[in-house]
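Notes for the structure review
Single-letter residue listing:
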Amino acid sequence: MSKEKDFDTAFFGQPRGISTLFYTETWERFSYYGMRAILLFYMYYAVKDGGLGINETTAASIMSIYGSLVYLSGVLGGWLSDRIWGPRKAVLSGGILIMFGHIALSLPFGMPALFASIALIIIGTGLMKPNISEMVGELYSPEDRRRNAGFSMFVFGANLGAVVAPWAVPAASAGFGLNLWHGNNFHAGFSLAAIGMFFALVQYVYGGHKYLTNTSSEPQDPISSEELHKLIVRTVIAVVVVAVILGGLAAMGQLNIANVINLITVIAIGLPVYYFVRMLKSDKVTKTEKSRVAAYIPLFIAAAIFWGIEESGSVILALFAEQRTVLHIGGWHFAAANFQTLNPLFIMILTPVFVTLWSRWKNQPSSPAKFAAGLVFAGLSYVFMALPALIHGTTSGRVSPFWLVGSWFIVEIGEMLISPIGISVTTRLAPNAFKSQMMSMWFMTDAAGQAVNAQIVKYYSSATEVPYFLSVGVVSIIFGIVLMFMVKKIHSLMSGID
């Protein structure tokens, strides 16, 4: 099979390598979203119900900061790929760590297993996510018009696994309706997630050698011995600083989950600021590339706001599903965790629509304009969730599950305007010396959004339901409108990139 990316049309008109990355991502997302579908409930359910008995508000904050760290770790993964390993080895190493993270959760060892799993999956996803997306970009030349469609297909593959997982993993936890165990057995569900990650690794190893580009095996900007020495010194300093901060908190009796979350929030917001400054000042970045990096800043902020809303599906909307939603339609009963399937389901439905739209729309809006529209849709999805309480005049009792269905549908329209477009525009705006690290910046939009979520989820409850949804939704809509007025300026800074 030829590896010439300009002529390879073996996979539905796309390069054959897309199939390998497509199915690898499918199984990896099955494992990740299957785990997330039940993790919040595992943390705050009482011990007698199979959970850990963590305070509900704390569990919600942990879920958000966990998601933030998963994407924040992409900085490490991008750097290792660019400077030491190359994307292919980084993805393989990350996948192995993720699998062992799910295995840790499948073992009945309580809080130690939870935190061990979190650490493994955070590092593993950081190695895998930015680099597998970068490998998709490597399959296309910069002028290839199939690029956006190819990224849309890749995102579709991710959601193919994610749409099945919220049914399969909770079903495993419940014994598949066969009374295999009494009550919830969350560890059985986490075991199924581990099996999914194993299949991802099999697909990646099998197809990678034959269909992926040779450039993915080598780092783009190999590190020199002098740079490595400086890195070691800086790493030691960073570790010492963190140790001093944690030691200071411990000495004051303030070393607790809440303060650790606060510290991570500061890092998640400060790190992208550092990276933008570094790229804009780097001698390795040309004047044109610096203009493109500047254009990326408002898109970064817009994406962070969007992901703050979109990622709330596994936290705020999961709590709404469990506590405020009727969990049956007629005689069909379902679990609160099953609502997590709505996100990927609507993406699967909408992806072919938007792929066709972008392929046929000759004078389509620019990427910044699509971002602005996506923010407005995200805000509307939250405003929509305020309506049940406003209509009924109370936040007590349960409401139709179709409120959640409608909210997810609206936000996924926004995701189709931001997610595949954002991945594609990130790879095109990336400076040559920061290719994988720029991809990490895309995942830092999610990290920053979820870090903010970790702070504001503390204010969500049934009593604050209406002001919570309205305030967050209106902020997103206002920023979307402001961004719309900035479209021409941003587009000019992009220097020829649509």
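Just above sits the structure.
Below: a short report on this structure. Fair warning: this is a prediction, and the values are worked out from it, not measured in the lab. (Residues numbered from 1 in each chain as written. Predicted model: local features only at pLDDT ≥ 70, side-chain atom pairs only at ≥ 80, totals over all residues. Heavy atoms only, no water.)

**Here's the deal with the overall build of the protein**
Along the backbone of the protein there are 17 helices and two strands. For the protein, the C-alpha radius of gyration of 22 Å lies close to 23 Å, the compact-globule estimate for 498 residues. For the protein, the proportion of its 498 residues judged to be buried stands at 56%. Sequence separation of 24 or more characterises 81% of the internal contacts of the protein that already satisfy a separation of 6 or more. (Helix = DSSP H or I, 4+ residues; strand = E, 2+ residues; numbered from the N terminus. Rg over C-alpha atoms; globule rule 2.2 N^0.38 Å. Buried < 20%, exposed > 50% of the residue type's maximum accessible area, 1.4 Å probe, protein only. Contact = heavy atoms within 4.5 Å.)

**Concerning empty space enclosed by the protein**
Within this structure, the stated rule accounts for three cavities of 30 Å³ or more. Roughly 440 Å³ of volume is contained in the largest cavity. In terms of lining, the largest cavity is formed by 29 residues, of which the most central are R29, Y33, Y71, W307 and E415. Broken down by element, the lining of the largest cavity gets its largest block of residues, five residues, from helix α6 (residues 147-173). In terms of residue class, the lining of the largest cavity is made up of 13 nonpolar, eight polar and eight charged. Within this model, the second largest cavity holds a volume of roughly 60 Å³. (1 Å grid on protein atoms, 1.4 Å probe; cavity = no way out; pocket = protein on both sides within 12 Å on 5 of 7 lines; lining within 4 Å. Points joined across faces, edges and corners; volume = space filled by probe spheres on them. Nonpolar A, V, L, I, M, F, W, Y, C, P; charged D, E, K, R; others polar.)

**Quick look at helix α1 (residues 17-44)**
Helix length check: α1 (28 residues) gives 42 Å between terminal C-alpha atoms against 40 Å at 1.5 Å per residue, within 8%. The principal kink in α1, of about 35°, is found at I38. Burial analysis of α1 places 25 of its 28 residues in the buried class, the great majority of the element. (Expected span 1.5 Å × (residues − 1). Bend = angle between axes of the 7 residues up to and from the residue.)

**Comments concerning the packing of aromatic side chains**
Aromatic rings in a pair are described by how distant their centres are and how their planes are angled relative to each other. Under the criterion given, the structure shown has 31 aromatic pairs. Their ring planes at 70° and their centres at 5.7 Å tell us that W27 and F30 sit as a pair that is edge-to-face. On the criterion of helical spacing, the pair formed by W27 and F30 is a turn pair, its members being three residues apart in helix α1. The class of F30 is buried, set by a relative accessible area of 8%. Geometrically, the ring pair formed by Y32 and Y33 is edge-to-face, given 5.3 Å between the ring centres and 85° between the ring planes. (Phe/Tyr/Trp six-rings, centres within 6.5 Å; stacked < 30°, edge-to-face > 60°.)

**Comments concerning the side chain of S419**
Checked against the element boundaries, S419 lands in helix α14 (residues 402-429). For S419, the contacting residues outside a window of four places in its chain are W307 and W442.

**Observations concerning the packing of helix α9 (residues 257-281) against helix α10 (residues 287-310)**
Angle between the axes and distance between the axes: these two values describe a pair of packed helices. Between α9 and α10, whose axes approach to 9 Å, the crossing angle comes to 165°. Between α9 and α10, the crossing angle belongs to the class labelled roughly antiparallel. Regarding α9 and α10, the two cross each other, and that crossing is left-handed. Of α10, the residues touching α9 (which contributes P272, F276, M279, L280 and K281) are K290, V293, A294, Y296, I297 and F300. For the contact of α9 with α10, the class distribution of residues is nine nonpolar, no polar and two charged. (Axes fitted to C-alpha atoms, helices over the stretch in contact; angles between N-to-C directions. Parallel < 35°, antiparallel > 145°, perpendicular 65-115°, else oblique. Left-handed = near helix turned anticlockwise from the far one by under 90°.)

**Observations regarding the packing of α1 against helix α11 (residues 316-324)**
Where α1 meets α11, the closest approach of the two axes is 10 Å, and the angle between their N-to-C directions is 65°. In this structure, α1 crosses over α11, and the sense of that crossing is right-handed. Residues L40, F41 and Y44 of α1 form the contact with α11, whose own contacting residues are A318, L319, E322 and Q323. Here the contact of α1 with α11 is built from residues that sort into five nonpolar, one polar and one charged.

**Focus: the pattern of salt bridges**
Tallying each qualifying case throughout the model produces eight salt bridges. E226 is paired through a salt bridge with K230; the nearest N and O atoms lie 3.8 Å apart. Of the two residues, E226 and K230 are both situated in helix α8 (residues 225-251); the distance of four residues between them amounts to about one turn of the helix. On the basis of relative accessibility, which here comes to 55%, the residue E226 falls in the exposed class. Of the charged contacts, one joins E465 and R324 as a salt bridge, the two residues approaching to 2.8 Å between their closest N and O atoms. (Salt bridge = Lys/Arg side-chain N within 4 Å of Asp/Glu carboxyl O.)

**A closer look at the environment of D221**
Looking at the secondary structure, you find D221 in the loop between α7 (186-211) and α8. Each C-alpha atom, one on D221 and one on S106, is 39 Å from the other, the two residues being 115 residues apart in sequence. In contact with D221, other than residues within four places in its own chain, are D82, R83, K284 and A433.

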